[in-house]
Amino acid sequence: MLIDKKMAWEVLQHISDQYSIRILRATLHRPLDAITLSKQLGIPIAVCYRRIKELERLGLLTKEGKKLTSKGKWINLYKANIKNAEVKMENGRIVIKITFRWGKEETLEVE
């Protein structure tokens, strides 16, 4: 899923949010579950689930399989969709350039 250009402001907020950035960085090279992310990154579990949901909605994170816990419950694994993000000011406009992990680039203008 590519990012909806109407959501550029939300994308900007998440690529500058400390929790969202930590989740994206941790899941760039391998998929992880919310519980592991919460523990490893020191993010409260409720906040972690909320950020994951928002990052998924924006197309910045995706479900990348499931794993079985020791208690026999299946949980989702998540992987970052973006490899790089660049924010700059061009002629008075804020522009975000996103490079996805599969190589595609997208430019968003924040309105």
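Basis of the calculations
Residues numbered from 1 in each chain as written. Predicted model: local features only at pLDDT ≥ 70, side-chain atom pairs only at ≥ 80, totals over all residues. Heavy atoms only, no water. Salt bridge = Lys/Arg side-chain N within 4 Å of Asp/Glu carboxyl O. Helix = DSSP H or I, 4+ residues; strand = E, 2+ residues; numbered from the N terminus. Buried < 20%, exposed > 50% of the residue type's maximum accessible area, 1.4 Å probe, protein only. Phe/Tyr/Trp six-rings, centres within 6.5 Å; stacked < 30°, edge-to-face > 60°. Axes fitted to C-alpha atoms, helices over the stretch in contact; angles between N-to-C directions. Parallel < 35°, antiparallel > 145°, perpendicular 65-115°, else oblique. Contact = heavy atoms within 4.5 Å. Nonpolar A, V, L, I, M, F, W, Y, C, P; charged D, E, K, R; others polar. Pairing = 2+ DSSP bridges.

Undergrad: What am I meant to see in the pattern of salt bridges here?
TA: Close approach of charged atoms lets side chains of opposite charge pair. The full count for this structure, using the stated rule, is nine salt bridges. Of the charged contacts, one joins Arg51 and Asp17 as a salt bridge, the two residues approaching to 2.9 Å between their closest N and O atoms. In this pair, Arg51 is assigned in helix α4 (residues 45-57) and Asp17 in the loop between α1 (8-15) and α2 (18-26), connecting sequence segments 34 residues apart. In this structure, the salt-bridge partner of Arg93 is Glu109, at a minimum N-O distance of 3.2 Å.

Undergrad: Would you mind showing me how to read the environment of Glu111 here?
TA: Its place among the elements puts Glu111 in the segment after β5 (105-110). Put simply, Glu111 and Thr99 are twelve residues apart on the chain and 20 Å apart in space, counted from C-alpha to C-alpha.

Undergrad: For this particular structure, what's the right way to read unusual backbone geometry?
TA: A negative phi angle is the norm for most residues apart from glycine, just as the trans form is the norm for most peptide bonds. Look at Asn91: it is not a glycine, yet its phi comes out positive at around 50°. In this structure, Asn91 sits in the loop between β3 (82-90) and β4 (93-100). On the basis of relative accessibility, which here comes to 78%, the residue Asn91 falls in the exposed class.

Undergrad: Honestly, the packing of aromatic side chains in this entry has me stumped. Any pointers?
TA: The geometry of an aromatic ring pair is captured by two quantities: the separation of the ring centres and the angle between the planes. Counted by the stated rule, this structure contains one aromatic pair. Note on Phe100 and Trp102: the rings are 5.0 Å apart at their centroids and 10° apart in plane angle, and the pair reads as stacked.

Undergrad: Hey, could you run me through the packing of α2 against α4 in this one?
TA: Each packed pair of helices is defined by two parameters, the angle between the axes and the distance between the axes. Packing of α2 against α4 leaves a shortest axis separation of 10 Å and a crossing angle of 75°. Classified by the angle their axes make, α2 and α4 are roughly perpendicular. For the pair α2 and α4, the contacting residues are Tyr19, Ser20, Ile23 and Leu24 in the first and Val47, Cys48, Arg51, Ile52 and Leu55 in the second. The residue inventory of the contact of α2 with α4, partitioned by class, reads seven nonpolar, one polar and one charged.

Undergrad: Even after reading the chapter, I still don't get the sheet that holds β4, so can you show me in this structure?
TA: Adjacent strands of a sheet form backbone hydrogen bonds with each other and so pair up, either parallel or antiparallel. The strand order β3-β4-β5 describes an open sheet built from three strands, whose pairing is antiparallel. A single partner strand is all that each edge strand has here, and the edge strands are β3 and β5. Neighbour-to-neighbour, the strand axes of the sheet open up by a mean angle of 20°, direction not taken into account. Sheet analysis places β3 next to β4, joined by eight bridges and oriented antiparallel. Bridge assignment links Ala85 to a residue of β4, and that residue is Ile98.

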